[in-house]
Amino acid sequence: MNKRELQKYIAETYNTDPDFPWESNPTFAVYRHQSNRKWFALVMDIPKSKLGLHEDGDIDIVNLKCEPALIGSLRLEKGFFPAYHMSKDKWISVALDGSVDDEQLLFLLDMSFELTDVKIKK
C-alpha cells in the first residue's frame, strides 16, 4: 500500500481529513479522532537515512500506535522501524513502499485507532 492509498482508506473508513500542523514539514499529515483529537496516524516522507537505511532518497512512512508487546517482533520484519520522532515503546513506523502486506498494515491502523480512541469507563 502506498501513501495515497492509505490516505484514501483512512478518509473512507474513519471519515477524517488530515491536519498539516507544521510549517516546516507541510506534507506531514496527522490523522486525529474527531471526539478527542488524539492522533492515530502520522504520514510522513523522510530521508531513508533517518530510519537507518543506507540508501539515498526519501521514503513514505506512517507512524501508528501499537501494543507494546508486538513492537519488538514487528521491528524484526521488513518494512518496520522504531517510531520516527515518537515514543519507540508505544509507536512504530511502517514503510509505505509495498514491503508490508496491506492486511497487516490495515490491522495495525485499526489497532492504532482503537488504542487512541475515547475509553468508556465502566
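Above this note sits the structure.
The notes below deal with the structure included here. Quick caveat: nothing in here was measured; it's all calculated off a predicted structure.

With that settled, consider the overall build of the protein chain. From N to C terminus, the protein chain includes three helices and five strands. Put simply, the protein chain runs from its N terminus to its C terminus through helices and strands in the order α-β-β-β-α-β-β-α. For 122 residues, the compact-globule formula gives about 14 Å, and the C-alpha radius of gyration of the protein chain, at 14 Å, lands near that figure. For the protein chain, the residues scored as buried account for 40% of the 122 residues in total. Look at the contacts in the protein chain between residues 6 or more apart in sequence, and 46% of them connect residues 24 or more apart.

Time to look at the environment of Pro82. Summarising the element assignment, Pro82 is placed in strand 4 (residues 80-82). Residue classification places Pro82 among the partly exposed residues on the basis of a relative accessible area of 33%. For the pair Pro82 and Ile59, spaced 23 residues apart in sequence, the C-alpha to C-alpha distance is 14 Å.

The next point concerns the sheet that holds strand 4. Spatially, five strands are ordered 1-2-3-5-4 in an open sheet, and the strand pairing comes out antiparallel. Either end of the sheet is taken by a strand with one partner, and the two such strands are strand 1 (29-32) and strand 4. Mean inter-strand twist for the sheet, computed between neighbouring axes without regard to direction, equals 25 degrees. Pairing geometry for strand 1 and strand 2 (residues 39-47), over four bridges, is antiparallel. Among the inter-strand pairings, Ala29 is bridged to a residue of strand 2, identified as Val43. Relative to strand 2, helix 1 (residues 3-14) is tilted by about 165 degrees, and along the sheet it contacts strand 1, strand 2 and strand 3 (58-65). On the sheet, helix 3 (residues 102-115) packs against strand 2, strand 3, strand 4 and strand 5 (91-95) and is oriented at approximately 45 degrees with respect to strand 3.

The nonpolar side chains of a soluble globular protein tend to be buried with one another. Ranked by internal contacts, the top residues of the largest apolar core, which has 25 residues, are Leu6, Val62, Leu105 and Leu109. The set of elements that each furnish at least two residues to this core consists of helix 1, strand 1, strand 2, strand 3, helix 2 (68-74), strand 5 and helix 3. The element contributing the most residues to this core is helix 3, with six residues. Apart from the residues within four sequence positions on either side, Leu109 is in contact with Leu6, Tyr9, Ile10, Tyr14, Phe40, Ala41 and Leu64. Among the nonpolar cores identified, the runner-up in size contains 14 residues, and Leu42, Leu51, Phe81 and Tyr84 belong to it.

Bringing the packing of aromatic side chains into the picture now. With the rule as written, the count across this model stands at seven aromatic pairs. Arranged with centres 6.4 Å apart and planes meeting at 50 degrees, the rings of Tyr31 and Phe40 form a pair that is tilted. Assessed through its relative accessible area of 2%, Tyr31 is described here as buried. Residue class for Phe40 comes out buried when judged on its relative accessible area of 0%. Joined through ring pairs, the aromatic side chains of Tyr9, Tyr14, Tyr31, Phe40 and Phe113 make up one cluster.

Basis of the calculations
Residues numbered from 1 in each chain as written. Predicted model: local features only at pLDDT ≥ 70, side-chain atom pairs only at ≥ 80, totals over all residues. Heavy atoms only, no water. Helix = DSSP H or I, 4+ residues; strand = E, 2+ residues; numbered from the N terminus. Rg over C-alpha atoms; globule rule 2.2 N^0.38 Å. Buried < 20%, exposed > 50% of the residue type's maximum accessible area, 1.4 Å probe, protein only. Contact = heavy atoms within 4.5 Å. Pairing = 2+ DSSP bridges. Axes fitted to C-alpha atoms, helices over the stretch in contact; angles between N-to-C directions. Core = buried A, V, L, I, M, F, W, Y, C linked by side-chain atoms within 4.5 Å. Phe/Tyr/Trp six-rings, centres within 6.5 Å; stacked < 30°, edge-to-face > 60°.

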